[in-house]
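Summary of the model geometry
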Amino acid sequence: ESITIALIIGSLRKDSINRKFAEYVVSQMPSGVTINEVNIADLPLYNQDYDGTTIDSYERVRQQLKAADAVLIVTPEHNRTMPAALKNVIDIASRPYKQSVWADKKVAVMTASPSSYGGINSGLDVRKSMQMLSAQMMIRPEVHLSRATDSLNEDGSVSERTQKYLQKFVEAFVDFVAIADSRDADSNN
Ligand code: FNR
């Protein structure tokens, strides 16, 4: 059985620590899982006036997210909330009205920050938006990597301790996607 997961990285910068943790998480996915990264760097700021028009980059991300069985968001925190680029793709994919891709979508979020709070406010604000959009959020485990630069080795690889922690997150996420899928199948009987 194959599963497609859309990956959104909330940081646009080349040396993003969140990207490094995301890459490790992706490397730990079991066979049968396909990861499809959603590029959010080229998306014009969402404007409701665009709803009646076709913007290629908007269509691309909406299709990518729609086709995915689940969405994994790995993001930093900017000024105590999610980065604008991440909020932008959430808004774009929530519209036009009644064509949101988020309804019933399985979503997990993890955050990383050099600070001691681990970007938790960003993660909680993603949950807040996803609740409003009727997505199915994975509740546990909550992964907000604090002092995250300490969890990266000099070559950018993830420290052994954090690897173990992230492996548990991957297991829980894959279970979450698979269990929710079988529930969907049951409800069709
Ligand atoms: C930050 N940073 C930050 N960190 C945090 O834990 N809480 C915050 O509110 C903020 N605010 C903030 C605002 C802006 C505009 C920037 C650029 C940065 C620091 C941030 O966690 C740090 O730059 C991380 O390295 C960003 O993650 P990436 O880009 O490395 O994945």
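On a predicted model such as this, the values are computed, not experimentally measured, just so you know.

Analysis parameters
Residues numbered from 1 in each chain as written. Predicted model: local features only at pLDDT ≥ 70, side-chain atom pairs only at ≥ 80, totals over all residues. Helix = DSSP H or I, 4+ residues; strand = E, 2+ residues; numbered from the N terminus. Buried ≥ 20, exposed ≤ 12 C-beta atoms within 10 Å, placed from the backbone. Near = placed C-beta within 6 Å. Nonpolar A, V, L, I, M, F, W, Y, C, P; charged D, E, K, R; others polar. UniProt positions renumbered as here; feature names shortened; annotations may be inferred. pLDDT = per-residue confidence, 0-100. Pairing = 2+ DSSP bridges. Right-handed = clockwise from strand over helix to strand, strands pointing away. Core = buried A, V, L, I, M, F, W, Y, C linked by C-beta atoms within 7 Å. Contact = placed C-beta atoms within 7 Å. Expected span 1.5 Å × (residues − 1). Arc of directions from axis to C-beta.

Observations regarding unusual backbone geometry
Backbone torsion omega between arginine 95 and proline 96 reads -5°, so that peptide bond is classified as cis. Turning to its location among the elements, proline 96 is positioned in the loop between helix 3 (84-93) and strand 4 (106-112). The omega torsion across arginine 140 and proline 141 is -5°, close enough to zero to call that bond cis. Following the sequence through the fold, proline 141 ends up in the loop between strand 5 (136-137) and strand 6 (143-145). If you check the backbone angles, arginine 80 has positive phi at about 70° while not being a glycine. When you line up the elements, arginine 80 lands in the loop between strand 3 (70-75) and helix 3. A positive phi is found at lysine 98, a non-glycine position, where the angle reads about 75°. On the secondary structure map, lysine 98 appears in the loop between helix 3 and strand 4. Judged by C-beta crowding, with 6 C-beta atoms within 10 Å, lysine 98 ranks as exposed.

Examining the site of the ligand
Around the ligand, the structure places 15 residues, and the nearest of them are Ser11, Ser16, Asn18, Pro76 and Ser113. Its residues assigned to classes, the shell around the ligand shows four nonpolar, eight polar and three charged.

A look at the UniProt feature "domain: NADPH-dependent FMN reductase-like" (unreviewed entry) in the protein
The residues that UniProt annotates with the feature "domain: NADPH-dependent FMN reductase-like" (unreviewed entry) are residues 4-149. Secondary structure across residues 4-149 divides into 32% helix and 20% strand, with the first and last C-alpha atoms of the span separated by 29 Å.

Thoughts on the confidence of the model for the protein
Per-chain confidence: the protein averages 95 in pLDDT, with 95% of residues scoring 70 or above. This prediction of the complex comes with two scores: 0.96 for pTM and 0.99 for ipTM.

Thoughts on the pairing of strand 4
Most of strand 4 sits out of view: seven of its seven residues are buried. Every second residue of strand 4 is oriented toward a common face, with Lys106, Ala108, Met110 and Ala112 on one face and Val107, Val109 and Thr111 on the other, all of them buried. Direction of pairing for strand 3 relative to strand 4: parallel, over a ladder of six bridges. Its bridge partner being in strand 4, threonine 75 is matched across the sheet by threonine 111. Regarding the hand of the β-α-β motif, the stretch spanning strand 3, helix 3 and strand 4 is right-handed. Pairing between strand 4 and strand 5: two bridges, direction parallel. Pairing of valine 107 across the sheet is with methionine 137, part of strand 5.

Some remarks on the nonpolar core
By size, the foremost hydrophobic cluster in this structure holds 43 residues, and its most contacted members are Ile8, Phe21, Val71, Leu72, Ile73 and Val89. Ignoring any residue separated from it by four or fewer positions in sequence, one finds phenylalanine 21 in contact with Val74, Ala112, Leu145, Val158 and Leu166.

Examining the environment of isoleucine 9
Relative to the helices and strands, isoleucine 9 is located in strand 1 (residues 3-9). Take isoleucine 9: there are 25 C-beta atoms within 10 Å of it, and that puts it in the buried class. What isoleucine 9 contacts, discounting residues up to four positions off in sequence, is Ser16, Asn18, Arg19, Ala22 and Val74.

Considering helix 4 (residues 120-132)
Two residues of an α-helix separated by three or four positions point the same way, owing to the 3.6 residues in each turn. Between its first and last C-alpha, helix 4 extends 19 Å over 13 residues, near the 18 Å set by a 1.5 Å rise per residue. Listing the buried residues of helix 4 in full gives Ser122, Gly123, Val126 and Met130. All buried residues of helix 4 project into a common sector of 100° when viewed along the axis, lining one side. Those residues of helix 4 that are exposed and aimed more than 90 degrees away from the buried face are Gln131 and Met132. Taken together, the buried residues of helix 4 touch strand 3, strand 4, strand 5 and strand 6.

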